[in-house]
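Each chain, letter by letter, is given below.
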Amino acid sequence: MASQIKVEIIERQTVKPSSPTPHHLRNYELSPFDQNAFQIYLSLLLVYPNADATTNNERCQHLLQSLSKTLTHFYPLAGRIKSDAVIECNDDGAEFEKVRVKCSLSEILEHPDPEMLRRFLAIEHESSESVTGTLLRVQINLFECGGMAIGLSISHKFADTATLSTFINCWTATAHDESKRVMFPKFGAASLISPLNLSNSEPPPFQPEDAAKEKCMTRRFVFDASKIAALQSKVASSVVPKPTRVEAVSALIWKCQIEASSRSSSNMLGTSLIRSSVFCHPMNLRKYAVPPLPENLVGNLVDFSVADYSHPGESTSVIDLKYLIAKIKGALEEIKERCASKVAFDSNKAREKMIEYMDVVKNADIDMYVCSSWCRFPFYEADFGWGKPSWVSYVPVEANNLTVLMDKRDGNGIEAWVNLSQENMALFESNEELLAYASLNPRVTY
């Protein structure tokens, strides 16, 4: 379907801050965590219901003007990275595109397709422009029915998911001209993290293209609130008496991934024998720091919790969901301890930890899965003046064994975008236990 939809560029322009950036703010220091971040764009799609053509033209102009004002607060996004450690805040600007999509919004929402969603972004995730060029790109997609989808792409070298959320909050408040409601960004994360010592010539960080060498498939699974509640009740134990939504869904996904990998033809242990695996969750350090850091502190403030399952040679029939949740919870507690002892903010130890992860990735005997939760970020509150979005979606990057979790609009259900190899996905998406709690790519309802 994606190849059949025509997307035509109507207008493309550069948006500069409405006020020039003062000279003393011209150099924005990237933290060591920023320097280690993947060289990609983080992307999000905000979908809004139908309006007439005149109204949409007015909305586009409103978005353009309010973005210009927002860039005076997020001035690094109008700059360019001039070295590994600095953004030159030269007001070169962000890119703003308006495009016409030759279909109705209902066609897109019937069974959302990842390849199709990527066409609603101004640039590919893996483009080197995220480091060498424009740090923020916005594509306004106008559908024949009058619907609108705003595609946001922001350089991961500058932003993690929390920073993306802060930017959207700032932009929407600016669009309403509500200065009291604006969540202005806080800068200075680099001063909280110890300098990175590169004298030993450590290998460069792992990049998504390394995980994309094996062709992978992306599928969307939707967990309704009632199904998640039933799953939480099922997996509760004396160790984890009240598992969260994310913990319960993550554990089920991990279990089904282990089973799929163990049954694939590439498993050298034999049919249905467990392969060792690790399950990584990127964790927002702002809320785990002691004391907690401001939620609007800009930058990459993330550490990875790592749970392992090492029972090679056993049958997949012995995998216990309660045990997996306990492993996930235990890994989170380790992150809390690292934050309390300040180890999490030691960039050299963080880089050592990353290199250990990459050694796992390169180990053919161990499967490594990453599950990033974008839940509880207020993306569904993104009201630019014509109401809240009817659907918000992560736009999948093509990286094998990556899962991203998003809230449903009701704030209780979860949408999971799962990437696996073609063979493993065929086994995963037909798992009866998974399908007892999740629907495979149902229509988006709102």
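- The name recorded for the chain in an unreviewed UniProt entry is BAHD acyltransferase At5g47980-like, from Prunus mume.
- Under the heading Sequence similarities (unreviewed entry), UniProt records this for the chain: "Belongs to the plant acyltransferase family."

Some points on the overall build of the chain
Okay, so step 1: The helix and strand tally for the chain stands at 14 helices and 16 strands.
Okay, so step 2: Expected size for 446 residues packed as a compact globule is a radius of gyration near 22 Å; at 22 Å, the chain falls within 12% of this value.
Okay, so step 3: Over its C-alpha atoms, taken along the principal directions, the chain stretches across nearly 60 × 55 × 40 Å.
Okay, so step 4: When contacts within the chain are restricted to residue pairs at least 6 apart in sequence, those whose partners lie at least 24 apart make up 80%.

What about the side chain of T166?
Okay, so step 1: With respect to the helices, strands and loops of the structure, T166 is situated in helix α6 (residues 161-175).
Okay, so step 2: Look at T166 and you get buried, because its relative accessible area is 3%.
Okay, so step 3: Sequence-distant contacts of T166, defined by excluding residues within four places in its chain, comprise F74, M183, P185, E295 and N296.

Side note on the pairing of strand β15 (residues 414-421)
Okay, so step 1: The element β15 is extensively covered by neighbouring structure, given that 8 of its 8 residues are classed as buried.
Okay, so step 2: Note that strand β9 (residues 216-223) and β15 share 8 bridges and pair antiparallel. When the bridges of β15 are listed, T218 appears paired with N419.
Okay, so step 3: Two strands pair when backbone bridges link them, and strand β14 (residues 402-407) and β15 are joined in this way by 5 bridges, in the antiparallel orientation. Residue pairing across strands places T403 opposite V418, the latter belonging to β15.

Considerations on the sheet that holds strand β2 (residues 27-29)
The pairing of strands in a sheet comes from backbone hydrogen bonds and takes either a parallel or an antiparallel form.
Okay, so step 1: Reading across from one edge, β2-β5-β4 is the order of the 3 strands in this open sheet, with antiparallel pairing throughout. If you trace the sheet from one side to the other, it starts and ends with β2 and β4 (80-83), each paired once. Across the sheet, the axes of successive neighbouring strands diverge by a mean angle of 40°, strand direction being ignored.
Okay, so step 2: As judged from the 3 bridges shared by β4 and strand β5 (residues 86-88), these two strands associate in the antiparallel manner. Opposite R80, over in β5, you have E88 as the bridge partner.

A look at the confidence of the model for the chain
Okay, so step 1: Here the chain averages 90 in pLDDT, and 91% of its residues register 70 or above.
Okay, so step 2: Scored below 50 in pLDDT, residues 199-206 makes 13 contacts in the model with residues more than four places away or belonging to other chains.

Focus: α6
Okay, so step 1: In this model α6 runs 21 Å from its N-terminal to its C-terminal C-alpha over 15 residues, within 8% of the 21 Å that 1.5 Å per residue would give.
Okay, so step 2: The N-terminus of α6 is capped by D160, whose side-chain oxygen sits 3.3 Å from the backbone nitrogen of A162.
Okay, so step 3: Positive phi shows up at D177, right after α6, with a value of about 55°.

Cut-offs used in this document
All residue numbers refer to position in the chain's written sequence, counted from 1. Local features in a predicted model are, by the rule used here, given only for residues with pLDDT of at least 70; side-chain atom pairs are given and counted only at 80 or more, and totals for whole chains, interfaces and linings are based on all residues. For the side-chain quantities, the full set of heavy atoms in the structure was used; hydrogens and water were omitted. UniProt positions are given in the numbering used here, feature names are shortened, and annotations may be inferred rather than shown by experiment. Secondary structure is summarised from DSSP: a helix means a run of H or I of at least four residues, a strand means a run of E of at least two, and numbering begins at the N terminus for each. In this setup the radius of gyration rests on C-alpha atoms only. A globule is expected at 2.2 Å times the number of residues raised to 0.38. The criterion used for residue contact is that any of the two residues' heavy atoms lie within 4.5 Å. Note on exposure labels: buried denotes an accessible area under 20% of the residue type's maximum, exposed denotes more than 50%, and partly exposed covers the range between, all computed with a 1.4 Å probe on protein chains only. In this description, strands pair whenever DSSP reports at least two bridges between them. An axis is simply a line fitted to the C-alpha atoms; with a helix, the fit covers only the stretch in contact. Between two such axes, the angle follows the N-to-C directions and lies from 0 to 180 degrees. Each residue carries a pLDDT score, the predictor's confidence in it, ranging from 0 to 100. A helix's residues, less one, multiplied by 1.5 Å, set its expected span. Two N or O atoms count as a polar contact when they lie within 3.5 Å, although within protein this holds only if one can serve as hydrogen donor and the other as acceptor, and sequence-adjacent residues are included solely when both atoms are side-chain atoms.

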